[in-house]
Amino acid sequence: MDLGISGKRALVCASSKGLGLGCAEALASAGVNLIMNARSEMDLTYSANRIIDRYGVEVETVVADITSEDQRAKILDRVENIDILVTNAGGPPPGTWEDWNKEDFVLALEANMLTPISLMKHYLPGMMERGWGRVVNITSQSVKAPIATLGLSNSARAGLTGYVAGTSRQVAHSGVTINNLLPGSHATDRIKNLLNSSSQKQGVSVEDLRKELEASIPAKRLGTHTEFGEVCAFLCSIHAGFIVGQNILVDGGAVNATL
Ligand code: NAP
C-alpha cells in the first residue's frame, strides 16, 4: 500500500534501537526523511547509516537525552518544521509501591508524560498552520491493563493519555491527528532488562520467564519492532486521517478486554 507520505519529514525520538527504530525504519521505507535521536552516538550513527543505505532517504541525527529540557532544546533549536512526530523514551524502572518516592515520580512524569507534551506543544502549531500533521506517542499496554511492578510507568502514561484525549480533539479540525500506540511485550532491550530484573528477584532463569511470558500471550510469541513500526507508519499515513485520539494496542491479544 502506498502510504502517501513520501517526502514528508519526521522526528522519531529514542530511535536507535527497539520500537523507535522500528518506527523510523517503517517511515523510511515509505519515503519519509528522518530526524533520529538517542543518547549513544555510536548506536544512533549505526542505525541512521543502515537506514540511509537501505531506503535512500535523508537522515539527520541528534544525540540528546530527550527527557532533559536542556538537551531537548538541541533538537527544538535545530529542527524547525516537521510533518510527523513520534514521541518515545526509555521506560521507568520496575519496583513496588514502597520503593518509589516523590523524586522517582517526578523523573517518570518528566520522561513519559511532560517530554511528549512539550514536544507536541512545540510542533503542533506549525503542523496546524500547514494543515497536515501526524503525532504518534509510544506508550504501553499498561495504560489499559496496569502492570503492578511498573507503577511509575502506569502513572506517567495515564497522565499523557488524558492529555492526548483532549488535545487530539482540539487539533483534529486542522488535519493533524494525535494517537497513542500501546506496545505489549516486544523482543527489545527493554523486555530483556525487565526479564533480567525479575529473574534476579524470583531466582527463575530468564529463559523460563520468557517462555512463561510468551505462553501468556494469545499470539504465543513476543512482538517484533518491525511489525510495531509498520502500525506506526500506517497511523502516520494519509489513510489514517480519521483516526483521532485513539489508544491502539499492539500486544498479540495480551490485554483481554473488549472495551
Ligand atoms: P529499548 O529497546 O530499550 O530502546 C530504547 C531506545 O530509546 C534506544 O534507542 C535508546 O538509545 C533510546 N533512549 C532511551 N532513553 C532515551 C532518552 N532519554 N533520550 C533519547 N533516547 C533514549 O526500548 P523499547 O523496548 O523500544 O521501548 C520503547 C518504549 O516503549 C519504552 O518507553 C518502553 O517502556 C515502552 N514499552 C516497551 C515494551 C516492550 O515490550 N518492548 C512494552 C511496553 C512499553 P540510548 O540508550 O542510546 O539513548
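This write-up is about the structure you can find in this document. (Residues numbered from 1 in each chain as written. Predicted model: local features only at pLDDT ≥ 70, side-chain atom pairs only at ≥ 80, totals over all residues. Heavy atoms only, no water.)

## Overview of the overall build of the protein
Put simply, the test is: Helix and strand assignments follow DSSP, with helices taken as H or I runs no shorter than four residues and strands as E runs no shorter than two, numbered in order from the N terminus. Both definitions apply: the radius of gyration is a C-alpha atom measure, and the globule rule equals 2.2 Å times residues to the power 0.38. When checking whether two residues touch, look at their non-hydrogen atoms; a contact exists if any pair is within 4.5 Å. In short, Shrake-Rupley with a 1.4 Å probe defines the accessible areas, and a residue's cover is counted only from the protein chains shown. Counted as positive: Lys and Arg. Counted as negative: Asp and Glu, with His and the chain ends omitted from the count. The location of each charge is read from NZ of Lys, CZ of Arg, CG of Asp or CD of Glu.
A count of helical and extended segments in the protein gives eight helices and seven strands. The C-alpha radius of gyration computed for the protein amounts to 18 Å, which stays within 12% of the reference 18 Å derived for 259 residues, consistent with globular compactness. For the protein, the C-alpha atoms occupy an extent of roughly 55 × 40 × 40 Å along the three principal directions. Taking all contacts inside the protein whose residues are at least 6 apart in sequence as the whole, residues at least 24 apart take part in 74%. Summed over its atoms, the accessible surface of the protein is roughly 12,500 Å², and 53% of this surface lies on carbon and sulfur atoms. The positive charge centre, built from 23 side chains, and the negative charge centre, built from 27, are 3 Å apart in the protein.

## A few points about the packing of aromatic side chains
Counted only if it meets this: Here is the rule: rings of Phe, Tyr and Trp (six-membered ring for Trp) pair when centre to centre is within 6.5 Å. Planes less than 30 degrees apart are stacked, more than 60 are edge-to-face, and the remainder are tilted. Three labels apply to residues, based on accessible area from a 1.4 Å probe with only protein chains included: buried if under 20% of the type maximum, exposed if over 50%, partly exposed otherwise in between. We call a charge positioned above a ring when the Lys NZ or Arg CZ atom is no farther than 6 Å from the ring centre and deviates by at most 35 degrees from the ring normal.
Per the counting criterion, the structure on display carries one aromatic pair. With centroids separated by 6.4 Å and ring planes inclined at 80°, the aromatic side chains of tryptophan 100 and phenylalanine 105 adopt a geometry described as edge-to-face. The class for tryptophan 100 is buried, based on a relative accessible area of 14%. Here lysine 8 stacks its cationic end above the ring of tryptophan 132, 4.2 Å away from the centre of that ring.

## Comments concerning the packing of helix α4 (residues 102-130) against helix α5 (residues 151-171)
Under the convention used in this document: Geometry is summarised by axes, namely lines fitted to C-alpha atoms with helices restricted to the contacting stretch, and by angles between N-to-C directions that run from 0 to 180 degrees. Comment on the angle field: the value is read as roughly parallel under 35 degrees, roughly antiparallel over 145, roughly perpendicular from 65 to 115, and oblique elsewhere. For a crossing to be left-handed, the near helix must be turned anticlockwise from the far one by less than a right angle; the clockwise case is right-handed. Each residue receives one of three labels: charged for Asp, Glu, Lys and Arg, nonpolar for Ala, Val, Leu, Ile, Met, Phe, Trp, Tyr, Cys and Pro, and polar for the others, Gly being one of them.
At their nearest, the axes of α4 and α5 sit 8 Å apart, and the two run at 20° to each other. Classified by the interaxial angle, the pair formed by α4 and α5 is roughly parallel. For α4 against α5, the interelement crossing comes out right-handed. Across from Asp104, Phe105, Ala108, Leu109, Asn112, Met113, Pro116, Ile117, Met120, Lys121, Leu124 and Met128 in α4, the residues of α5 making contact are Gly151, Leu152, Ser155, Ala156, Arg157, Gly159, Leu160, Tyr163, Val164, Thr167 and Val171. Of the residues in the contact of α4 with α5, the class split is 15 nonpolar, five polar and three charged.

## What to know about the pairing of strand β5 (residues 133-138)
A regular strand places its side chains on the two faces of the sheet in alternate fashion. Short version of the rule: Crossovers are marked right-handed if the path from the first strand over the helix to the second runs clockwise, as seen with the strands pointing away from the viewer. For two strands to count as paired, DSSP must find a minimum of two bridges between them.
Of all six residues making up β5, six are buried, and the element is well covered by its neighbours. Side-chain alternation along β5 places Gly133, Val135 and Asn137 on one buried face and Arg134, Val136 and Ile138 on a second face that is also buried. Read as a crossover between parallel neighbours, the route from strand β4 (residues 84-87) over α4 to β5 is right-handed. As judged from the six bridges shared by β5 and strand β6 (residues 176-183), these two strands associate in the parallel manner. Bridged to valine 136 within β6 is asparagine 179.

## A few points about the site of the ligand
What counts here: Here a residue counts as near a molecule or strand whenever at least one of its heavy atoms sits within 4 Å of it. Contacts described as polar in this section are N or O atom pairs within 3.5 Å, which, within protein, must combine one atom able to donate a hydrogen with one able to accept it, while residues neighboring in sequence count only if both atoms come from side chains.
Taken together, 29 residues lie around the ligand, and Ser16, Leu19, Arg39, Ala89 and Thr188 are the ones closest in. Note that an oxygen atom of the ligand is positioned 3.4 Å from one of the backbone N or O atoms of glycine 91. A distance of 2.4 Å separates an oxygen atom of the ligand from a polar atom in the side chain of threonine 188. Contact with the protein chains removes 90% of the 880 Å² of surface that the ligand exposes when unbound. Among the elements of the structure, α1 (18-29), β2 (33-38) and α6 (189-202) are those that each provide at least two residues to the shell around the ligand. Counting residues per element, the shell around the ligand draws most heavily on α6, which supplies three residues. Each residue belonging to the shell around the ligand can be placed in one class, and the counts come to nine nonpolar, 14 polar and six charged.

## A look at the side chain of arginine 72
To be explicit about the condition: By salt bridge we mean one thing: a side-chain nitrogen of Lys or Arg within 4 Å of a carboxyl oxygen of Asp or Glu.
Structurally, the position occupied by arginine 72 is in helix α3 (residues 69-78). Within the buried core, arginine 72 has no salt-bridge partner, and the shortest N-O distance to an opposite charge, that of glutamate 110, equals 4.1 Å.

Scope: geometric values only; no functional claims are made or implied.
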